[in-house]
Amino acid sequence: MTQSKQQGRSDELLRLGDEIVARALEGGASVAEASVREGEHLSVKVRLGKPELVEEAGSRAVGLRVMVGQQVAVSYTSDLTEAGRARLVEDALELAQLSEPDPFAGGPEPALLSREADWPVLDTYDPEMGTLTADRALELAIRAEKAALDYDPRIINSEGASISRAVGGSALVTSGGFRGYSDGTYVSLVVNPLTEDADGKKRRGYHWAARRFLSELDDEVEVGREAARRTLRKLGAKKIESAEMPVIFDPDAGRAILGLVASCVNGGSIWRKSSYLVDRLGTAVASPLVTIVDDPLINRAPGSRRFDGEGLASRRNVVVAAGQLETYLLDSYAGRKLGMSSTASASRGSSGGVGIGTTNFVLQPGQETHDELLARTPRGLYVTEMMGFGFNAVTGDFSRGASGFLIEDGALGHAVSEVTISLNLDQLLQRIDGVANDLDLRTSVASPSFRVSAMTIAGR
Amino acid sequence: MTSRYQAPFAPDGSAPIDRALAEKLLGVALAQGGDYADLFFEYAVNGSYGYDEGLLKSAGRYVTMGLGVRVMLGDATGYAYVESLEWDALTHAARTASQIARGGKSVAPVSLESRALPTRYPVVQPSLDVEGLTKRALLERADKAARAADARIVKVSASLNEELREILVATSAGHFAWDSQPLVRFGVSVIAEVNGKRQSGSSGGGGRTGMEYLETHTPEAHAAEAVRQAIAMLDAREAPAGELEVVLAPGDSGILLHEAVGHGLEADFNRKKTSNYADAIGQQVASELCTVVDDGSLLSGRGTINVDDEGETPTSATLIERGRLVGYMQDQHSAKFFGVRPTGNGRRESFRSHPMPRMTNTLLLNGESDPEEIVRSVKRGVYARKFGGGQVDITNGDFVFSLTEGYLIEDGRITAPLKGVNLIGNGPDVMRKVTMLGNDMAVSDGIWTCGKDGQSVPVGVGCPTVKISAVTVGGTELGG
């Protein structure tokens, strides 16, 4: 998209936001906040060398949060006809009458709202993204899948290769005086080959790449080959005996653990008392090797943003510093509930409501290489994938299905599947005794490989 | 549909779509060729009410509207959607989807026919018509009841979600079908605390019904159940690690079935031979005790539909009969490949997604054993009562599901509560290890949502008490 077209879109979305806010104020709202989103996306999927899906669409919708005094309600619509917009405002105002005054409700202090001059340039928008047409995406996907299929005759089938690209912009206008626009692009490629054990048991593997800039996306042939390698190494996976042993999480599995930490430092979970990290600020919650930062200011990173969902200037939050819990992630509501200040972690959902979210929530890489971490593990479990939802945030109890490899004499041995790994998350973080330097910011929650000194493995 | 929220494409709406217009639009979709095309108009109104700390803190209303157009040529699908119902926008979507078949020959005009659909979700009090204050009062009752039940309850939240989904499906196979699909879900969750130790409990339910659901499943009953669970779990001990006999309670345990066999029997995975059940029709895939059906016709069930999102009406389809695999769940595309009739399992999350074979209400039918006798037969094992969810790798059937309320069974008696734990196994393997089946089949109260390929749809599950001779229990107590 050209510069002027981008400008045109931002003006249009902001004007629609202005209109909705004005209507809500006219209708009696004391606070009105409209977020207007527009997006275009393209997804293609190929399987066994042939196109399976080409999906293209554009969409636009408005979310509205209103307050009448301290009564709050939200509404959303993708029906942007005159009747639809009127309905949106009327619904929110009517529902606000129904909700009950919450003494902590309210927008952020107007003085805290950011202005255009405060916004950093984060380079989240690739003007070249639109050059990835459906035909070109199909070609790339076919090449990626072919690279996997040709890699080894034991790759016998495929669940396909997919490419998606998204271009999106959103405007936020609030009656408190905030008016801002941000946009971004994202492209991803995933390849899913299949192989089969001697006894016919199928094994699925995958590899993927994702970036904000098209020119930075990993080479499709290399992604396909890596997918094949990852699939083949699952051959012959078996259960192991139940035991306690060290566990190394690879970056994909580690990311899932980081996601659990994110849910437990969310200010909403704290005031609801639904996190085991209640009352733990300033105490050791992880090993000294662990530093976790939520950083929206990384150039071209997937979770970067200029301002938060309430219009506060984005800031870098060190959540865990060398094992010590430094802060929760807060929006202005959770801040008031807990007697703290917002950390500019508000996230405005597409439906108009405000919650708390992470930006780039990252376990900071350590000094060791991935191979060094492995080499100093005589015997252990190397986890590449986890399954299921076995986590209780209130207690921290964690138990999930896992697959990966047995580590023998400091190297990856046979593949392992159908086991579970268990340990309370509090202890898990305390027992981290190695963090590698293999961080890749493909996703907004990201982790390098790390090792936990001991977990319970349930198998045979 | 209430007059306040009216689908613009309804006969008396602002942009009505009749058969003639739909035929014309299908003509645009197939102008470049293709074997099949369909139109999916949707207008969905959702409401949510959240009660927290004794206040109705959040209330929301969400309207989504649009058209999805699909054109197929062989195994290739072109898909496009729009959120405007202006003719130019509709034809733009149809032309975009038609690109997949470009260079082909225009297809003969489509002739649509509407037919009467069953009425599987009669509603007495449509939830969108019921006043907000009435809903608030119901949530307040749940909150009060939970607080009054036990002094150790420190947090209570209650929620009500309602949906009315109005759909119009027109396909080149000739279907022209309207449906109006209500959905209600009520839930209570609580946190109990004693001496700094906290535990949570929850209860929820609903289905394709109106507010009358809460007359038979009262807010007080859900509150009591959530409290019971949180209090029971306060004393939870570490769960054993390793292979044990497991007894599943009736109802919600059907989620195991959903993961262990359900997904593997969706026809798309079998067409592509990526499921462990590919080419297994006629084979013994489970213990002879097991008969599994997918029943889209259950009265007011969460997974029930009068018509699927491709215009087909599902019935109760037998998937496994006395352990033998007899059929898959089909959408239009896979049915054509297998040369069978579609089973009405073609479902999609919204107009923004293409349909896939999906479950409706998946049930393991009754056996003959007395449930108490099943528990008595276990020397040492786990009794699984409530689940948080599950997941399966359909290529080989490996699954996990997480237990949120479980107990130890010792010498035939249910004893100590266990901390949240995962069960892990292999679908076909576990289904062969079903050694006893109760006569107490129950359908889960409607809470489950199934995810596949990024699309969520509401589903139902059900089963009687089930004994499985060995499942890996993922606790922390070795040698337990």
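Cut-off values and rules
Residues numbered from 1 in each chain as written. Chains lettered and ligands numbered in written order. Predicted model: local features only at pLDDT ≥ 70, side-chain atom pairs only at ≥ 80, totals over all residues. Heavy atoms only, no water. Helix = DSSP H or I, 4+ residues; strand = E, 2+ residues; numbered from the N terminus. Expected span 1.5 Å × (residues − 1). Buried < 20%, exposed > 50% of the residue type's maximum accessible area, 1.4 Å probe, protein only. Contact = heavy atoms within 4.5 Å. Phe/Tyr/Trp six-rings, centres within 6.5 Å; stacked < 30°, edge-to-face > 60°. Polar contact = N/O pair within 3.5 Å; in protein donor to acceptor, adjacent residues only side chain to side chain. Domains from an automatic or database assignment. Buried area = accessible area lost by both parts, 1.4 Å probe. Salt bridge = Lys/Arg side-chain N within 4 Å of Asp/Glu carboxyl O. Axes fitted to C-alpha atoms, helices over the stretch in contact; angles between N-to-C directions. Parallel < 35°, antiparallel > 145°, perpendicular 65-115°, else oblique. Left-handed = near helix turned anticlockwise from the far one by under 90°. Nonpolar A, V, L, I, M, F, W, Y, C, P; charged D, E, K, R; others polar.

Right, let's talk about helix α4 (residues 220–232) of chain A for a bit. Residue and element names in this part refer to chain A. Taking 1.5 Å of rise per residue, the 13 residues of α4 would be expected to cover 18 Å, and the 19 Å separating its terminal C-alpha atoms lies within 8% of that figure. Those residues of α4 that sit buried are E220, V223, G224, E226, A227, A228, T231 and L232. Buried residues along α4 sit against α3 (134–151), β5 (179–196), β6 (202–204) and β7 (207–211).

Moving on, we come to the packing of aromatic side chains. All names here are of chain B. Taken as a whole and judged by the stated rule, the model has 13 aromatic pairs over all chains. For the ring pair Y328 and F338, a centre distance of 5.4 Å and an interplane angle of 50° mean the geometry is tilted. Here F338 lies in helix α8 (residues 332–338) and Y328 lies in the loop between β10 (324–325) and α8, a separation of ten residues in the sequence. Taking the centre distance of 4.6 Å and the plane angle of 20° together, the rings of F387 and F401 count as stacked. With F387 in strand β14 (residues 380–393) and F401 in strand β15 (residues 398–410), this residue pair connects regions lying 14 residues apart in the sequence. Note on accessibility: F387 and F401 belong to one class, buried.

Another aspect to go through is helix α5 (residues 251–265) of chain A. All names here are of chain A. Between its first and last C-alpha, α5 extends 21 Å over 15 residues, near the 21 Å set by a 1.5 Å rise per residue. Every buried residue belonging to α5 is among D252, A253, G254, I257, L258, L260, V261, A262, C264 and V265, and all of these are buried. Its side-chain oxygen at 3.1 Å from the backbone nitrogen of D252, D250 defines the N-terminal cap of α5.

To continue, consider the domain arrangement of chain B. Residue and element names in this part refer to chain B. Entries for chain B in the domain assignment read domain 1 (19–234) and domain 2 (241–474). In this complex, domain 1 contributes 48 residues to the contact, which on the side of domain 2 involves 44 residues. Interface area lost by domain 1 to domain 2 is led by R120, R208 and M233, which between them contribute 19%. When the shortest N-O distance is used, the salt bridge between D35 and K336 registers 3.9 Å. Inspection of the domain 1/domain 2 interface yields 28 residue pairs in polar contact (both at pLDDT 80 or more). Listing elements by their share of the side of domain 1 that touches domain 2, those giving two or more residues are β1 (36–52), β2 (55–73), β3 (76–82), β4 (153–171), β5 (176–194), β6 (197–207) and α5 (219–234).

To continue, consider the packing of helix α3 (residues 132–149) of chain B against α5 of chain B. Residue and element names in this part refer to chain B. Interaxial distance between α3 and α5 falls to 8 Å at its minimum, and their mutual angle equals 40°. In terms of axis orientation, α3 runs oblique to α5. Here α3 runs over α5; the crossing is right-handed. Packed against α3, whose contacting residues are L138, R141, A142, A145, A146 and A149, the element α5 presents P219, E220, A223 and V227 at the interface. Of the residues contributing to the contact of α3 with α5, the split by class is eight nonpolar, no polar and two charged.

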